[in-house]
Amino acid sequence: MLTAFARAFRTPDLRKKLLFTLGILVLYRLGSNIPVPGIDYQNVQACLDQTKSGAGLFGLVNMFSGGALLQITIFALGVMPYITASIILQLLTVVIPRLEALKKEGQSGQAKITQYTRYLTVALAVLQGTGLVAVARNGALFQGCSVGNEIVPNPSIFTTITMVVTMTAGTALIMWLGELVTDRGIGNGMSILMFTSIAAQFPSALWAIKLQGKLMDGWLEFGLVILCGLAMVGLVVFVEQAQRRIPVQYAKRMIGRRSYGGTSTYIPLKVNQAGVIPVIFASSLLYIPALLVQFTNSKAGWANWVNANLVKGDHPIYMATYFLLIVFFAFFYVAISFNPEEVADNMKKYGGFIPGIRAGRPTAEYLSYVLNRITWPGALYLGLIALVPTVALVTLNANQNFPFGGTSILIIVGVGLETVKQIESQLQQRNYEGFLR
């Protein structure tokens, strides 16, 4: 593997792509540590040292921002607005015929959808930035911090607008940097930025587990977490690479003096067809009621119930709701992203068929049957992986930034595999040995 890295850096164009990607990542991490104008940075650091309660409510956004959210930096919103906008546009493509027609137009239609995604990203950044500033002003960002109400010393309208505009501009800059990496670097830009944000929190989270440990000065807990992490990575790699291959045979056709078709291929149906999207959906949905409590009367009955059951990640009702939502969204996303009838029609149009299954409607029913069967283990796997940080919080008495589990491990392994495959494909084009033997 080290030899492959050396060969990759010896190739001029590939070396330029790798160095360009690394340079963008350095700029991204630099922006994640520059505070927004209008906040008291010392009070923010004091609250970070006093309490970690903010990570429970804003944990998902804070993870995607690489810890920049709780530090209220110019990149505080991270890639979350872009991810949310992309998911919304993908869902609307199924509902709105105009967007579905654009998707089928090819590159020009996809460019228009990308433009709509950018506009929606900026709008969501304004909305989320306003919410973050409001929560920071009333002291709800760090519950239990003695100086939580003094994070924004000057609550004037001008200061609020300046903070919102700065964070919105930071989100637009992140979006531009991600597109630059996609065009000129290695891998998908936004995925690489997500990978960097999550990986940046690993050293501090692991060291915090060591400091909190009680056996052998914390080294025993530290070693157990490392072993657990390696097992989790192996499990995620195994499931993410697992797929059901449905054989497809194409009939031979004679057109003039030439014969076409007669080949055999397969349809790869992944066990985890939905990826990490169901976990993001479920986390975002549980994030909404907890956020609404911050802007309403906290003495209301429903607000007390939400605070007691849906804010603390280790509560049984929260865990059960989180798990069920992940399973539901896994089936929901697979249903809207894979259309068995469309696949069956395309196969029939080009003379393809599944051996033993008639073309047309029987093929669509068979694909739907197989897809439902393999989605069950994928959905249960996602739910169990997402609950690993909560279980670690209870059993190991670790903090809520437990690194190996949930959305973090899924994204890190998935992005890592895809990036390594891209580098290997470019090495193989030059007759070099890749990473995978």
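Residues numbered from 1 in each chain as written. Predicted model: local features only at pLDDT ≥ 70, side-chain atom pairs only at ≥ 80, totals over all residues. Heavy atoms only, no water.

Undergrad: Help me understand the overall build of the chain, please; the structure alone is not making it clear to me.
TA: The secondary structure content of the chain amounts to 19 helices and five strands. Across the 437 residues that make up the chain, the buried fraction comes to 46%. Sequence-distant contacts, at least 24 apart, represent 70% of the contacts inside the chain between residues at least 6 apart. A total of about 22500 Å² of accessible surface is found on the chain, and carbon and sulfur atoms cover 62% of it. (Helix = DSSP H or I, 4+ residues; strand = E, 2+ residues; numbered from the N terminus. Buried < 20%, exposed > 50% of the residue type's maximum accessible area, 1.4 Å probe, protein only. Contact = heavy atoms within 4.5 Å. Areas by Shrake-Rupley, 256 points an atom, 1.4 Å probe, with all protein chains shown as cover.)

Undergrad: Is there a simple way to explain the sheet that holds strand 1 (residues 243-250) in this structure?
TA: For sheets, the rule is that strands pair by backbone hydrogen bonds, running either parallel or antiparallel. An order of 4-1-5 is seen for the three strands of this open sheet, with the pairing classed as antiparallel. Both edges of this open sheet fall to strand 4 (264-270) and strand 5 (352-353), since each of them pairs with a single strand only. Alignment of strand 1 against strand 5, held across two bridges, turns out to be antiparallel. Paired with Tyr 250 across the two strands is Gly 352, which belongs to strand 5. Set on the sheet, helix 17 (residues 361-386) makes contact with strand 1 and strand 4; between it and strand 1 the angle comes to about 165 degrees. (Pairing = 2+ DSSP bridges. Axes fitted to C-alpha atoms, helices over the stretch in contact; angles between N-to-C directions.)

Undergrad: Can you help me understand the packing of helix 2 (residues 12-31) against helix 10 (residues 189-199) in this one?
TA: Each pair of packed helices can be summarised by the angle the axes make with each other and by the distance between the axes. Contact pair helix 2 / helix 10: the axes reach a minimum separation of 11 Å and the direction vectors enclose 55 degrees. Here helix 2 is positioned oblique relative to helix 10, judged by the angle of their axes. Helix 10 is crossed by helix 2, and the crossing has right-handed handedness. Two secondary-structure elements touch here, helix 2 through Thr 21, Leu 25, Tyr 28 and Arg 29 and helix 10 through Ile 192, Leu 193, Thr 196 and Ser 197. (Parallel < 35°, antiparallel > 145°, perpendicular 65-115°, else oblique. Left-handed = near helix turned anticlockwise from the far one by under 90°.)

Undergrad: What am I meant to see in the packing of aromatic side chains here?
TA: By convention here, two paired aromatic rings are described through the distance between centres and the angle between planes. A complete count under the given rule lists seven aromatic pairs for this structure. Measuring from ring centre to ring centre gives 6.4 Å for Phe 329 and Phe 332, while their planes differ by 75 degrees; the resulting arrangement is edge-to-face. Here Phe 329 pairs with Phe 332, and both are found in helix 15 (residues 316-337), just three residues apart, close to one helical turn. Three or more aromatic residues joined by ring pairs form one cluster here, namely Phe 281, Phe 328, Phe 329 and Phe 332. (Phe/Tyr/Trp six-rings, centres within 6.5 Å; stacked < 30°, edge-to-face > 60°.)

Undergrad: Would you explain the nonpolar core in this entry?
TA: If you look at soluble globular proteins, the nonpolar side chains tend to sit buried side by side. Ile 72, Tyr 322 and Leu 410 are the most contacted members of the largest nonpolar core, which has 90 residues in total. Top contributing element to this core by residue count: helix 15, with 10 residues. Filtering out sequence-adjacent residues up to four positions away, Ile 72 remains in contact with Pro 35, Val 36, Ile 39, Val 44, Ala 136, Leu 141, Ile 151 and Met 163. Membership of the second largest hydrophobic core comes to six residues, among which are Ala 8, Leu 14, Leu 18 and Ile 186. (Core = buried A, V, L, I, M, F, W, Y, C linked by side-chain atoms within 4.5 Å.)

Undergrad: Would you take a moment to explain helix 16 (residues 340-349) for this structure?
TA: Residues three or four positions apart in an α-helix share a direction because the helix packs 3.6 residues into each turn. Residues Pro 340, Ala 344 and Met 347 constitute the buried set of helix 16. Projected down its long axis, helix 16 shows its buried positions confined to an angular sector of 60 degrees, all on one face. In this structure, helix 16 carries Glu 341 and Lys 349 as exposed residues pointing more than 90 degrees from its buried face. The opening residue of helix 16, the one whose side-chain oxygen lies 3.2 Å from the backbone nitrogen of Glu 341, is Asn 339. (Arc of directions from axis to C-beta. Polar contact = N/O pair within 3.5 Å; in protein donor to acceptor, adjacent residues only side chain to side chain.)

Undergrad: Looking at this model, I keep getting lost on unusual backbone geometry. Mind explaining?
TA: Working note: non-glycine residues mostly have negative phi, and peptide bonds are mostly trans. Residue Ile 72 is not a glycine yet carries a positive backbone phi of 55 degrees. Summarising the element assignment, Ile 72 is placed in the loop between helix 5 (68-71) and helix 6 (80-95). By relative accessible area, Ile 72 is classed as buried at 1%.

Undergrad: Teacher, can you tell me more about the pattern of salt bridges here?
TA: All chains considered together, the criterion is met by three salt bridges. Two residues, Arg 361 and Glu 365, come together in a salt bridge whose shortest N-O distance is 3.2 Å. Of this pair, Arg 361 and Glu 365 both sit in helix 17, four residues apart, which is roughly one turn of that helix. With relative accessibility at 46%, the residue Glu 365 sits in the partly exposed group. (Salt bridge = Lys/Arg side-chain N within 4 Å of Asp/Glu carboxyl O.)

Undergrad: Just to check I follow, could you spell out the environment of Ala 274 for this structure?
TA: Along the chain, Ala 274 falls in the loop between strand 4 and helix 13 (277-294). The spacing of Ala 274 and Ala 335 is 61 residues in sequence and 9.5 Å in space, taken between C-alpha atoms. The residues touching Ala 274, leaving out its near neighbours within four places in the chain, are Ala 330, Tyr 333 and Val 334.

Undergrad: Would you take a moment to explain the side chain of Thr 166 for this structure?
TA: Of note, Thr 166 is situated in helix 9 (residues 157-184). From its side chain, Thr 166 meets the backbone oxygen of Thr 162 in a polar contact 2.7 Å long. In this structure Thr 166 touches Val 36, Pro 37 and Ile 74, once residues within four positions along its chain are discounted.

Undergrad: What should I look at first to understand the environment of Ala 123 in this one?
TA: Positionally, Ala 123 belongs in helix 8 (residues 107-137). The partly exposed category is assigned to Ala 123, whose relative accessible area is 45%.

Undergrad: For this particular structure, what's the right way to read a nonpolar patch on the surface?
TA: Together, Trp 207, Leu 211, Met 216, Trp 219, Leu 220, Leu 224, Leu 227 and Leu 230 line one region of the surface with nonpolar side chains, adding up to about 900 Å² of accessible area. Broken down by secondary-structure element, the contributors of at least two residues to the nonpolar patch are helix 11 (202-212) and helix 12 (219-241). With five residues, the single largest contributor to the nonpolar patch is helix 12. As for its position among the elements, Met 216 is in the loop between helix 11 and helix 12. (Patch = residues over 30% accessible without salt bridge, like charges linked within 9 Å, V, L, I, M, F, W, Y side chains within 5 Å.)

Function cannot be read off these values alone, since they describe shape.
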